[in-house]
Amino acid sequence: ASGGTASNGKSVVAVSSCDSLQVIVEEALLFLEKHELIVKMPYLEKRSDTICGESSAAAGDVSGGGGHGSASATGIRIGGTRLHPTLLGRATYLSSLPIRVGLEIYEHMSQGRAQGVVLVDQLHLLFMMTPVDQFAMRFLADNSLWGVLARRWDKYDDDRKRVLERIGINYVYVQQRAINKIMPKNERYYQQDRKGKRLWLALIMQELVEERPFQQIISNFQASSSEAKDSQRLHEKELEDLQSSGAMFSGKVAQFALNVGYEDIGVLFQHLISRIAFGAKADILPLCEIPFVQVVRARKLHRQGYKTVEDIAGAKASELSRILDLKPERTATKISEMIIQHARTICQRRAADQRLVLDQSVFGAGSF
């Protein structure tokens, strides 16, 4: 009898666990369907990809066609229903963005395409390419950023204010947060809070891609001593983390835009990825790709007429040492020779790639 009681107890726990899991699954599916990430269609028994082919169907979910509200040709069967990913659902999956972040970015992109993306500078694009979550509990955790943002707002020109209008930042909200006014924490509050923090990071990213020195950025965005404690002040480590995380995140956003069908914005995103990664303007990006040549050195070389990798490959070590003001002399020569050798390696690799493309176009890929 005691054994039967234990068995019954385990059965009750198993049934309870299954019920809880079913509730979780149903809530998740409702969320996905509500946000048009999936659509449900009746399951047809005569289909060839029945239960035995579910694994292959699941793999096909992310490669089928369909628009934002339409579905791919395959899906996953659950009971009498087959779930099909929409274009938005597949784009979110392929980009590796969290669902919430993907939906947020999609809303910003859709709004930007409907109203027009402001391209006077990079801020509007950077706003959509900036990671927020991992910095939310760091230098975005206190309210000091709102005071700085409010002061900067009053100095912006019409073009910059037009960007703020397009992304939906409310001036009154910023001013109220700056003076720590008590506000009802409703949905609008949290939406503006997240947009404001994303804007704050995008403004810093704007400074990074314009080659501003870290210390200047810290000075421009630093809260006053009365607004923030030393532990909450902006440091170079945060800027380095933002730059590296921003480059990785922007690559995902660009992939997401292309997969969701927003090729126009996706191409604009792609042009900014390298600038974010190197913290450089577009004119010195080719030089930044050479190992041991960072932004400061690339800018010095560019000013002296070395504008391409080929220019560096054909340079003399003594000339590079002079331009870069490398010291001591023994180390300077070694560094310059390494830079030149890396530039030559890049040129050789490019030439080999071009020959391969030419051979394939002449003889066809099947010849290899």
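Fair warning: this is a prediction, and the values are worked out from it, not measured in the lab.

So, about the confidence of the model for the chain. Chain-level pLDDT for the chain is 83 on average; 79% of the residues reach the 70-or-more range. Mean pLDDT across the elements of the chain ranges from a minimum in helix 2 (residues 54–60), with 41, to a maximum in helix 15 (residues 309–313), with 96. Note on residues 47–67: pLDDT under 50 across the span, and 35 contacts to partners over four residues away in sequence or across chains. Scored below 50 in pLDDT, residues 69–73 makes 18 contacts in the model with residues more than four places away or belonging to other chains.

All of the buried residues along helix 7 (residues 158–167) are R160, V163, L164, R166 and I167. Seen from one end, helix 7 has its buried residues packed into an arc of 160°, which puts them on one side. Exposed side chains of helix 7 directed beyond 90 degrees from the buried face belong to D158 and E165. In this structure, the buried residues of helix 7 make contact with helix 4 (99–115), helix 5 (123–128), helix 6 (144–153) and helix 9 (187–209). You can read the cap of helix 7 off the contacts: a side-chain oxygen lies 3.3 Å from the backbone nitrogen of D159, and it is on D157. G168 sits one or two residues past helix 7 and shows a positive phi near 90°.

Take G116: it is sitting in the loop between helix 4 and helix 5. Given a relative accessible area of 24%, G116 falls into the partly exposed group. When the C-alpha atoms of G116 and V163 are compared, they prove to be 10.0 Å apart, with 47 residues separating the residues in sequence. Apart from residues lying up to four places away in sequence, G116 is in contact with Q111, H124 and R166.

Structurally, R299 can be placed in helix 14 (residues 295–303). Residue classification places R299 among the buried residues on the basis of a relative accessible area of 13%. In the structure, R299 is positioned 15 residues away from I284 in sequence and 6.6 Å away in space, judged by C-alpha atoms. Every residue in contact with R299, bar those within four places of it in the chain, is listed here: E211, K281, D283 and I284.

In this section: the side chain of S321. Structurally, S321 can be placed in helix 16 (residues 317–324). Taking relative accessible area as the criterion, S321 reaches 13% and is therefore assigned buried. S321 has contacts with L326, A332, T333 and S336, leaving out every residue within four places of it along the chain.

Cut-offs applied
Residues numbered from 1 in each chain as written. Predicted model: local features only at pLDDT ≥ 70, side-chain atom pairs only at ≥ 80, totals over all residues. Heavy atoms only, no water. pLDDT = per-residue confidence, 0-100. Helix = DSSP H or I, 4+ residues; strand = E, 2+ residues; numbered from the N terminus. Contact = heavy atoms within 4.5 Å. Buried < 20%, exposed > 50% of the residue type's maximum accessible area, 1.4 Å probe, protein only. Arc of directions from axis to C-beta. Polar contact = N/O pair within 3.5 Å; in protein donor to acceptor, adjacent residues only side chain to side chain.

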